[in-house]
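One-letter residues, chain by chain:
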Amino acid sequence: MEEKTKIHAEDGKQELTITREFDLPVELVFKAYSEAELFEQWMGTKVLKLGSQKHGSYAFETSYEGNVVFKANGVIHEFVENEKITRTFEMENTAFPVQLEFLEFKKLTNATSRLTIQIIFKSIEFRDQLLKMPFAQGINMAHNRLQEVVSSLK
Amino acid sequence: MNLRRDVFQAIADPTRRSILLLLTTQSMTAGAIASNFDTARPTVSKHLQILTECELLRQEQQGREIYYHFNPNKMKEIAEFIEPFRQMWDTKFNKLEEVMKNYKKE
């Protein structure tokens with residue numbers, strides 16, 4: 001069976017691409033990214049701010065047992081409804097430099113769509129380090145799910 | 001000592017994951033690490049001890065200070081890391097699909 005989510009990270013390049021096909025109309029996928037209440041539900045994080053517009057900004061944080069364990073923020077540069085979001089992404093309290101993300105939403109049929117996320121890193125080394133820590137961006141993922149992922153590393 | 005199980009347990013804790021993330025690109029003293037958390041200093045020390053024991057961190061004495069380094073040798077080649085990264089996003093996107101399918105029904 002073909003995988004619905006694909007990652008393309010070419011050797012020696014400071015970028016990576018994530019591609020996903022959804023059984024959802026493009027409007028709903030875009031909405032999941034642009035409305036705080038929905039974003040919180042699928043990302044499992046708390047949205048502090050989400051200014052879904054050109055020159056808007058966003059911030060979110062994830063807590064565990066009362067302590068904030070992950071914070072990230074960024075600025076939105078382009079916001080075209082049901083088409084694209086261009087934004088920066090920065091993890092707070094880490095030495096990872098800000099990254100640039102191009103999100104493209106594409107209608108496939110009335111009921112299906114494709115999301116392509118191109119992420120540009122400051123260097124090849126930072127890209128590779130991020131890949132080595134799958135929990136960096138998914139730090140809030142369900143506990144047992146994380147264990148599965150970690151087990152598969154061994 | 002069962003090293004595999006220890007690495008597994010080390011990464012299962014969100015605070016320890018935060019510490020690893022903090023140390024991915026820089027080495028720091030215990031005090032500097034602790035200042036990033038609301039957690040009590042002895043708790044952070046305990047986390048550092050566990051991470052060091054399972055070799056995810058290395059200690060290095062520099063003058064009077066001990067610096068903690070992330071140990072990349074514990075990690076495998078990048079190609080092997082794409083799959084966990086992919087699974088992480090796949091899980092998130094499956095959740096997105098589920099959330100939006102329910103939203104549509106409402």
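Here the structure is a predicted model, which is why all the values come from computation and not from measurement.

Caption draft 1: The arrangement of the overall build of chain A in detail. What chain A contains, in helices and strands, is four helices and eight strands. Ordered by position in the sequence, the α and β elements of chain A form the string β-β-α-α-β-β-β-β-β-β-α-α. Among the 154 residues that make up chain A, the fraction classed as buried is 31%. By sequence separation, contacts in chain A at least 24 residues apart represent 37% of the contacts at least 6 residues apart.

Caption draft 2: Representation of the sheet that holds strand 1 (residues 28-29) of chain B in the model. Residues and elements named next belong to chain B. The strand order across the open sheet formed by three strands is 1-3-2, and the pairing between neighbours is antiparallel. What marks the edges here is a single partner per strand, and that holds for strand 1 and strand 2 (57-62). Each of strand 1, strand 2 and strand 3 (65-70) touches helix 2 (residues 14-23); the most contacted strand, strand 3, lies at about 95 degrees to it.

Caption draft 3: View of the environment of A:Glu21. All names here are of chain A. With respect to the helices and strands, glutamate 21 occurs in strand 2 (residues 15-22). Separated by 87 residues in sequence, glutamate 21 and leucine 108 place their C-alpha atoms 8.8 Å apart. If we ignore the near neighbours within four places in the chain, the residues touching glutamate 21 are Lys4, Leu108, Thr112 and Arg114.

Caption draft 4: Representation of the packing of helix 1 (residues 26-34) of chain A against helix 2 (residues 36-43) of chain A in the model. All names here are of chain A. Across the interface, helix 1 lies against helix 2 with an axial gap of 6 Å and an inter-helix angle of 90 degrees. Our classification of the angle between helix 1 and helix 2 gives roughly perpendicular. Touching Lys31, Ala32 and Tyr33 of helix 1 are Leu38, Phe39 and Trp42, all from helix 2. Across the contact of helix 1 with helix 2, the residue classes break down as five nonpolar, no polar and one charged.

Caption draft 5: Main features of unusual backbone geometry. All names here are of chain A. In this structure, histidine 55 is a non-glycine residue whose phi angle is positive, near 65 degrees. Its place among the elements puts histidine 55 in the loop between strand 3 (46-50) and strand 4 (57-64). Its 10 C-beta neighbours within 10 Å are what place histidine 55 among the exposed residues.

Caption draft 6: Local environment of the sheet that holds strand 5 (residues 67-80) of chain A. Residues and elements named next belong to chain A. With respect to topology, eight strands assemble into an open sheet ordered 1-2-8-7-6-5-4-3, the strand pairing being antiparallel. Since the sheet does not close on itself, it has two edges, and those belong to strand 1 (5-8) and strand 3, each with one partner. Along the sheet, successive strands turn relative to each other by an average axial angle of 20 degrees, direction set aside. The pairing of strand 4 with strand 5 spans eight bridges and is classified as antiparallel. Each residue of the ladder has a partner; that of tyrosine 58, found in strand 5, is glycine 74. On top of the sheet, helix 1 reaches strand 2, strand 6 (84-91), strand 7 (99-107) and strand 8 (113-120); it is set at about 155 degrees to strand 7, its chief contact.

Caption draft 7: Spotlight on the pairing of strand 3 of chain A. All names here are of chain A. The pairing of strand 3 with strand 4 spans four bridges and is classified as antiparallel. Bridge assignment links valine 47 to a residue of strand 4, and that residue is phenylalanine 60. Where strand 3 folds back on strand 4, the antiparallel hairpin that results is connected by six residues, among which histidine 55 adopts a positive phi of roughly 65 degrees.

Caption draft 8: Geometry of the confidence of the model for chain B. All names here are of chain B. Mean pLDDT for chain B: 82, with 84% of residues reaching 70 or above. The spread of mean pLDDT over the elements of chain B runs between helix 1 (residues 3-12), the lowest at 62, and strand 1, the highest at 94. Scored below 50 in pLDDT, residues 1-5 shows three contacts in the model against residues more than four places distant or in partner chains. The ipTM value of the predicted complex is 0.84, and its pTM value is 0.73.

Caption draft 9: Focus on the packing of helix 2 of chain B against helix 4 (residues 41-53) of chain B. All names here are of chain B. The geometry of helix 2 relative to helix 4 is characterised by a closest axis approach of 10 Å and an angle of 70 degrees between their N-to-C directions. Between helix 2 and helix 4, the crossing angle belongs to the class labelled roughly perpendicular. Where helix 2 approaches helix 4, its residues Thr15, Arg16, Ile19 and Leu20 are matched on the opposing element by His47, Ile50 and Leu51. Tallied by class, residues from the contact of helix 2 with helix 4 come to four nonpolar, two polar and one charged.

Reading guide: rules and limits
Residues numbered from 1 in each chain as written. Chains lettered and ligands numbered in written order. Predicted model: local features only at pLDDT ≥ 70, side-chain atom pairs only at ≥ 80, totals over all residues. Helix = DSSP H or I, 4+ residues; strand = E, 2+ residues; numbered from the N terminus. Buried ≥ 20, exposed ≤ 12 C-beta atoms within 10 Å, placed from the backbone. Contact = placed C-beta atoms within 7 Å. Pairing = 2+ DSSP bridges. Axes fitted to C-alpha atoms, helices over the stretch in contact; angles between N-to-C directions. Parallel < 35°, antiparallel > 145°, perpendicular 65-115°, else oblique. Nonpolar A, V, L, I, M, F, W, Y, C, P; charged D, E, K, R; others polar. pLDDT = per-residue confidence, 0-100.

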